[in-house]
Each structure stands twice: as C-alpha cells, then as structure tokens.
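Structural features, examined
Residue-level listing of the chains:
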Amino acid sequence: LGLREGRFIEARDDAGAAPVAVIDTRTAAQLWPRGQALGQTLVLNPRDTAPQRYTVVGVVDALHLEDADDPVHPTVLLSLAQHPAEFFTIALRTRGDAAAYGPRLAETLRRLDADLPVYWLRTQQQAIEMGRIGPLVLTQMLSAVGALGLVLAATGIYGVLTQAVHARRQEIGVRRAVGAGSAAVVRLVAGSIGRQLAIGLGIGLLIALPWTHTLQSELFQTRAGEPSVLLGSLVVVLLATALAVSGPLRR
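A brief report on the enclosed structure follows. For every chain, the first residue of the written sequence is number 1, and numbering continues from 1 along that sequence. Given that this is a predicted model, residues contribute local features only at a pLDDT of at least 70 and side-chain atom pairs are listed and counted only at 80 or more, while totals for whole chains, interfaces and linings are drawn from all residues. Only hydrogens and water are set aside when side-chain values are computed; all heavy atoms of the structure are taken into account.

**Focus: the layout of surface pockets**
- Method remark: on a 1 Å grid restricted to protein atoms, a set of points is classed as a cavity if a 1.4 Å probe fits but cannot get out and as a pocket if it is open with protein on both sides within 12 Å along at least five of seven lines; lining residues have an atom within 4 Å of a point. Grid points are joined across faces, edges and corners, and a volume is the space filled by probe spheres set on the points. Reported here for the largest pocket is a volume of approximately 2,400 Å³.
- Lining the largest pocket are 44 residues; nearest its centre among them are Phe-88, Thr-89, Ile-90, Ala-91 and Leu-92.
- Elements represented by at least two residues in the lining of the largest pocket include exactly β5 (76-78), α2 (102-112) and α3 (124-131).
- The leading source of residues in the lining of the largest pocket is α3, at 4 residues.
- Of the residues that constitute the lining of the largest pocket, the class distribution is 30 nonpolar, 9 polar and 5 charged. The way it works is that DSSP assigns letters per residue, a run of H or I at least four long becomes a helix, a run of E at least two long becomes a strand, and they are numbered from the N terminus. Gly counts as polar in this scheme, as do all residues outside two lists: the nonpolar Ala, Val, Leu, Ile, Met, Phe, Trp, Tyr, Cys and Pro, and the charged Asp, Glu, Lys and Arg.

**Let's talk about the pattern of salt bridges**
- One speaks of a salt bridge when a side-chain nitrogen belonging to Lys or Arg is within 4 Å of a carboxyl oxygen belonging to Asp or Glu. Enumeration over the complete set of coordinates arrives at 6 salt bridges.
- One salt bridge in this structure joins Glu-10 and Arg-12, with 2.7 Å as the shortest N-O distance.
- Burial classes: relative accessible area under 20% of the type maximum marks a residue as buried, over 50% as exposed, and values in between as partly exposed (1.4 Å probe, protein chains only). Here Glu-10 falls in the partly exposed class, since its relative accessible area comes to 36%.
- By relative accessible area, Arg-12 is classed as exposed at 51%.
- Note that Arg-110 is salt-bridged to Glu-107, the shortest N-O span being 3.2 Å. Of the two residues, Arg-110 and Glu-107 both sit in helix α2, 3 residues apart, roughly one turn of that helix.
- By relative accessible area, which is 43% here, Arg-110 ends up partly exposed.
- Residue Glu-107 is classed as partly exposed on the basis of its relative accessible area of 35%.

**Comments concerning unusual backbone geometry**
- In this structure, Asn-45 takes a positive phi of about 55° despite not being glycine.
- Mapping Asn-45 onto the fold places it in the loop between β3 (41-44) and β4 (52-60).
- You can call Asn-45 partly exposed: its relative accessible area is 44%.
- The phi torsion at Trp-120 lies on the positive side, around 55°, for a residue other than glycine.
- Mapped onto the elements of the fold, Trp-120 is located in the loop between α2 and α3.

**Topic: the environment of Arg-122**
- Inspection of the secondary structure assignment puts Arg-122 in the loop between α2 and α3.
- The sequence separation of Arg-122 and Ala-15 amounts to 107 residues, and the corresponding C-alpha distance is 30 Å.
- Contacts: residue pairs with any heavy atoms within 4.5 Å of one another. In contact with Arg-122, not counting residues within four places along its chain, are Ala-127 and Met-130.

Printed below as a string of structure tokens:
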C-alpha cells in the first residue's frame, strides 16, 4: 500500500483503543474534497440507531479490492481487532513461488490459533483468473451460439442460391447463347443475394447494437459497440457468405 498521509493501522489500535480508519484517496476526495482528511470523523451506517464512528489516521493510494473487472469503489480499511469479521482474507507478498508458501502460512496461523480454519489458498493470478470466469463463460456461450447461427445462415444462403440457379437454368442458357459473358451471368444471379444480404446485415446491426449495452457490465476492458469487434464480425459474415455462394455461382 502506498501511504499518502498519516499512518497505517498498528498493533496499538486494539479493541480497547479509540476506533480508527485508513481511507484511500477516492474516499478522501469524495468526503473531504476541500479539506484535510486526517483527524476527521468517519461515520459508517449513519442511519443506524448506533452509527459507528472512526477517526481517520491515514490516507493510502486508491485500492481495487474486488474482482479485476468489477467497478472500483471508495475503500475504508479498519482494524480487525476493533471491527471483527467472521470471514476475512489475508494478502501476502512473497518471494519466489507463492503457491509453495501456502503450507508454511497455514502452519503459522495454526500456531497462532489452532481453531482458526485456513482454506482457499491461491495466488493473485489465480484470483484474477477466477474473477474472470463469469465473463469468460458468457463470452464462450455467446460465441458458440453466434457461430452456430452463422453456419445455419450460410447453409440457408447456399440452399436458396442453389435452388435459384437450378430454376433459372434455361434463362441462363438463353442469355449465354445470345452473348452474355460469365461475369454478367454471375452479377445477375448474385444481385438478389447481395440485396438480401445487405438488408439482413442492416437489420442485424439495428438489433445487435442495443443488446451490446446490456452486456456492458460483463465486458472486461471492452466498450459496448467496440468498432474493431463490429468490423471483425462483419468481415467474418462476408467471408462465410462468400464461401456459401461460391459453389452455386461456379455452377
């Protein structure tokens, strides 16, 4: 932690001492934007019948204590002796392999309190990865559904165009007989598919853009309606369409 002002919580801040708190710069800027935060009284749950009052003894750099993709909120640090918790997390900086330090940490805590259970030991990287599981699973599910929809759409285009070519064999033969070249015939057959594709893409974009904002909270460092994502999706759709129409057009 980077200390900006005052001090950290110390051993003297036990249950019998005056309640103290250390806040981060976001909390200080929000509660005392024009004044000194040190020495001020911080009231937690002011609407309670017996609100908790703490004296601010330190200000630290802005903290991010939630999952990696969660919003960053103002943070207040309290003494565990003055504010007991049923469950809490200990964060340690180690040298070398952090996972190998786990058994030593568990043994140290057992010597301090044999009745204190220690569980869910993990490295910081593992904690970050676990925090991303939800968005990752959601992204994979949506990608799978999108890929399936794209395959079905390409199959449908292939079938429709194949049927159209088969139904217009005589017309195409007559046009070739009177001098129409291959390019002219391809433009004739592909013209209707191009118009249908443009209409479908337009409708799809109109439907997709509003839905991207509903997923904004699940995205990690990605904006809703990211231009690169939309452009990449458009390129993939056009490539799938080109593959679907290549066989009937060659015929």
